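Each chain, written out:
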Amino acid sequence: MIVRTRFAPSPTGPLHIGGVRTALYAYLFAKQHKGQFILRIEDTDQNRYVEGAEEYIIEALTWCNIIPDEGVSFGGSHEPYRQSERKTKGYYQQYAEQLIASGHAYYAFDKTEELDAARKQAEAEGNQGWQYDSKTRSAMQNALTLSADEVQIRITKDEAYVIRLKVDPDQHITFNDMIRGDVSFESNIIDDKVLIKADGMPTYHLAHIVDDILMEITHAIRGEEWLPSSPAHVLIYQYLGLADKMPRYAHLPLLLKPEGNGKLSKRDGDRLGFPVFPLEWKDPATGEVSSGYREKGYYAQGFVNMLAFLGWNPGTEKEIFSMDELIESFTFERVHKAGARFDPEKAKWFNEQYLRMQEDADLAQRFIPVIKEQLKISDHRSSVEYAAAAVSLLKDRVHFENEFYEKGRYLFEVPTTYDEKVIAKRWNPITAKFLNKLTEVYSTQTTFDASTCKLSFENLATENQIKPGDVLQLFRVILSGQASGVDLFGMVELLGKEEVLTRIKNAISALPKDVGN
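Here the structure is a predicted model, which means the values were calculated and not measured. (Residues numbered from 1 in each chain as written. Predicted model: local features only at pLDDT ≥ 70, side-chain atom pairs only at ≥ 80, totals over all residues. Heavy atoms only, no water.)

Before going further, it helps to spend a moment on the pairing of strand β10 (residues 248-252). With 4 of 5 residues buried, β10 is to be regarded as a mostly interior element. Bridge count between strand β9 (residues 219-223) and β10: 5 bridges; the pairing is parallel. Across the sheet, Gly 223 pairs through a bridge with Leu 252, a residue of β10. Handedness of the crossover joining β9 and β10 through helix α8 (residues 230-239) is recorded here as right-handed. (Buried < 20%, exposed > 50% of the residue type's maximum accessible area, 1.4 Å probe, protein only. Helix = DSSP H or I, 4+ residues; strand = E, 2+ residues; numbered from the N terminus. Pairing = 2+ DSSP bridges. Right-handed = clockwise from strand over helix to strand, strands pointing away.)

In structure tokens:
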């Protein structure tokens, strides 16, 4: 058997990171079993279709390196892969008519106001959970209560109708879920779901089953919100006589908001300042822009690595996995049943780990345009050598490449202000005298690397009976203006003798003169 999984989103807006995780798990499972991963677009709900959403989905998957073997824009032997196009070929109507012929589906002519009236009457009688099912359908306008002639007359007159699944009562339905094990339902709680809508479009309940059959899908991975509908889907396979064609289901746990209860939503991201979409999205109707992980500076593989751990773990302490390692290690047996709480700080942590794995030379090449833009000139500070040395000092102190300049501005610009707390505590006649002597020592050095400069600094402190700790932070502030930052003597080496001496002299000139007397 060739394993075939699918990701089947609806183009109703930007792809939520929960959807990306579903695609990722389907992809990992297929690739682990040398199988195929298919992208299908489920656009049967034309009222909710959003322009640009389909292109967004494809771009997001491509950025994540979750590349379909078949699907919309990728081609394949099961085309077309858009449900709206498959509908015109009559695929869904054919299966719906088969269900009608076997007595497992029926035409229903109920108008919206009639359905509303039935629901309100039930509520007035204390039934808050009215649904169209084996107990209520006998009081409705459908092929089970009307004569065959009446049904035909209504259809001939083009009266609006839907096709509903006819769920037999008193059935015990069980299927095995790859995450949850055996799951059981009673058919008496299942409604007669609409299979074909009044506009002729199939609903998800029928369309995804027909497509999974025709596309030979062997494993269907989806969110747990579909678990309550799964018994109806099992019945459809059985009623079609195709139970052996039913894929194995895996219902993934919800992604939960960082705090409190409930699913992770765009509102949570807006409120707490993190994206919930892989790419930036501009709403074509309102113009509202929602942030994306790509545009925020996240690495695609770091983002994917983070998503993999939202509901799954490898059973070891290892957290950093390449895509190939995820493919090798992933298993549904280690996917949790409970919801996975999203941690935006952990997402940053993953990105930081991937940043540290980058080669300094590669980081430098991407950093140089930023340096040139900030400095407005091109000099030694925008050279590959200088930029590589700068990122080497900075990479352990940032989460994103786009933080390099802001976090390391002092490596490129002379400070104009100095940390007031450190100056108030450490700037005194003794330390001022020490810094003047340090300029003399450094000016005579022929070797100006980190270790040599550190040794000279410590020796001078010892000669002047000063604890290095009393002047180290002050020296940092003199050079950078800040009380903390990159490795101090690594910064000294990077800045170079001339720049270090200039900055010390500038600080001595700028700080209170009477202190040094």
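Turning our attention to the packing of helix α4 (residues 91-101) against helix α7 (residues 204-214). With their axes 10 Å apart at the nearest point, α4 and α7 run at an angle of 105° to one another. Overall, the two elements α4 and α7 adopt an arrangement that is roughly perpendicular. Contact residues: Tyr 91, Tyr 92, Tyr 95, Ala 96 and Leu 99 in α4; Leu 206, Ala 207, Val 210, Asp 211, Ile 213 and Leu 214 in α7. Residue classes in the contact of α4 with α7 are distributed as 10 nonpolar, no polar and 1 charged. (Axes fitted to C-alpha atoms, helices over the stretch in contact; angles between N-to-C directions. Parallel < 35°, antiparallel > 145°, perpendicular 65-115°, else oblique. Contact = heavy atoms within 4.5 Å. Nonpolar A, V, L, I, M, F, W, Y, C, P; charged D, E, K, R; others polar.)

With respect to the element layout, Val 234 can be found in helix α8. When the C-alpha atoms of Val 234 and Phe 175 are compared, they prove to be 7.6 Å apart, with 59 residues separating the residues in sequence. In contact with Val 234, other than residues within four places in its own chain, are Ile 173, Phe 175 and Met 246.

It is possible for side chains bearing opposite charge to pair when their charged atoms get close. Tallied over the entire structure, the rule returns 36 salt bridges. Note that Arg 137 and Asp 192 form a salt bridge whose closest N and O atoms lie 2.7 Å from each other. Of this pair, Arg 137 sits in the loop between α5 (112-124) and α6 (148-156) while Asp 192 sits in the loop between β7 (181-186) and β8 (194-196), and the two are 55 residues apart along the sequence. Each member of the pair Arg 137 and Asp 192 is classed as buried. For the salt bridge of Arg 426 with Asp 470, the shortest nitrogen-to-oxygen distance reads 3.2 Å. Of the two residues, Arg 426 sits in helix α17 (residues 420-426) while Asp 470 sits in helix α20 (residues 468-480), which places them 44 residues apart along the sequence. You can call Asp 470 partly exposed: its relative accessible area is 29%. Several salt bridges converge on common partners, so that one network encompasses Arg 6, Arg 40, Glu 42, Arg 86, Asp 211 and Asp 212. (Salt bridge = Lys/Arg side-chain N within 4 Å of Asp/Glu carboxyl O.)

Cis geometry marks the peptide bond from Glu 79 to Pro 80; its omega dihedral reads -5°. Tracing the backbone shows Pro 80 in the loop between β3 (70-71) and α3 (83-88). The phi dihedral of Asn 65 is positive, around 65°, even though this residue is not glycine. Position of Asn 65 relative to the elements: it lies in the loop between α2 (53-63) and β3. On the basis of relative accessible area, Asn 65 is assigned to the partly exposed category, the value being 40%. Phi at Asp 158 is positive, roughly 60°, even though this residue is not glycine. Turning to its location among the elements, Asp 158 is positioned in the loop between α6 and β5 (162-165). Judged by relative accessible area, which is 69%, Asp 158 ranks as exposed.

Okay, the sheet that holds β5 next. The strand order across the open sheet formed by 3 strands is β4-β5-β8, and the pairing between neighbours is antiparallel. Looking at strand neighbours, the two that pair on one side only are β4 (105-108) and β8, the edges of this open sheet. Neighbour-to-neighbour, the strand axes of this sheet turn through a mean angle of 40°, independent of strand direction. In the sheet, β5 pairs with β8 via 2 bridges, with the strands oriented antiparallel. Note that in β8 the partner of Ile 163 across the bridge is Ile 196. In this fold α4 packs onto β4, β5 and β8, with an angle of close to 105° to the strand it touches most, β4.

This part is about helix α22 (residues 497-510). Over its 14 residues, α22 runs 20 Å from end to end, which matches the ideal 20 Å to within 8%, given 1.5 Å per residue. Tucked inside the fold, the buried residues of α22 contact α18 (429-444), α20 and α21 (488-495). (Expected span 1.5 Å × (residues − 1).)

Two aromatic rings are characterised by how far apart their centres lie and by the angle between their planes. With the rule as written, the count across this model stands at 32 aromatic pairs. Each ring, one from Tyr 107 and one from Tyr 161, has its centre 5.0 Å from the other, and the planes form 90°; the classification is edge-to-face. Linking Tyr 107 in strand β4 with Tyr 161 in the loop between α6 and β5, this pair joins segments that are 54 residues apart in sequence. When its relative accessible area of 24% is taken as the criterion, Tyr 161 is described as partly exposed. (Phe/Tyr/Trp six-rings, centres within 6.5 Å; stacked < 30°, edge-to-face > 60°.)

Contact geometry for α7 and α8: axes closest at 10 Å, N-to-C directions at 55°. On the basis of their axis angle, the class for α7 and α8 is oblique. The two elements α7 and α8 cross, and the hand of that crossing is right-handed. Together, Tyr 204, His 205, His 208, Ile 209, Asp 212 and Ile 213 of α7 and His 233, Ile 236 and Tyr 237 of α8 make up the contact between the two elements. Looking at the contact of α7 with α8 residue by residue, the class counts come to 5 nonpolar, 3 polar and 1 charged. (Left-handed = near helix turned anticlockwise from the far one by under 90°.)

So, about the nonpolar core. In terms of nonpolar packing, the biggest core is built from 65 residues, with Ile 66 and Phe 332 touching the most fellow members. The biggest single contributor to this core is helix α1 (residues 17-32), with 10 residues. Beyond its immediate sequence surroundings of up to four residues, Phe 332 is in contact with Tyr 25, Phe 29, Met 178, Ile 179, Ile 221, Ala 250 and Leu 252. Listed in part, the 57 residues of the second largest apolar core include Leu 375, Tyr 405, Tyr 410 and Phe 448. (Core = buried A, V, L, I, M, F, W, Y, C linked by side-chain atoms within 4.5 Å.)

Looking now at the side chain of Arg 164. Residue position: Arg 164 is located in strand β5. Lacking a salt bridge, the buried Arg 164 has Asp 110 as its closest oppositely charged neighbour, with an N-O distance of 4.9 Å. A polar side-chain atom of Arg 164 sits 2.7 Å from the main-chain carbonyl oxygen of Asp 192. If sequence neighbours within four positions are ignored, Arg 164 has contacts with His 104, Ala 105, Tyr 106, Ala 108, Leu 115, Tyr 132, Asp 192, Lys 193, Val 194 and Leu 195. (Lys, Arg positive; Asp, Glu negative; His and termini not counted. Polar contact = N/O pair within 3.5 Å; in protein donor to acceptor, adjacent residues only side chain to side chain.)

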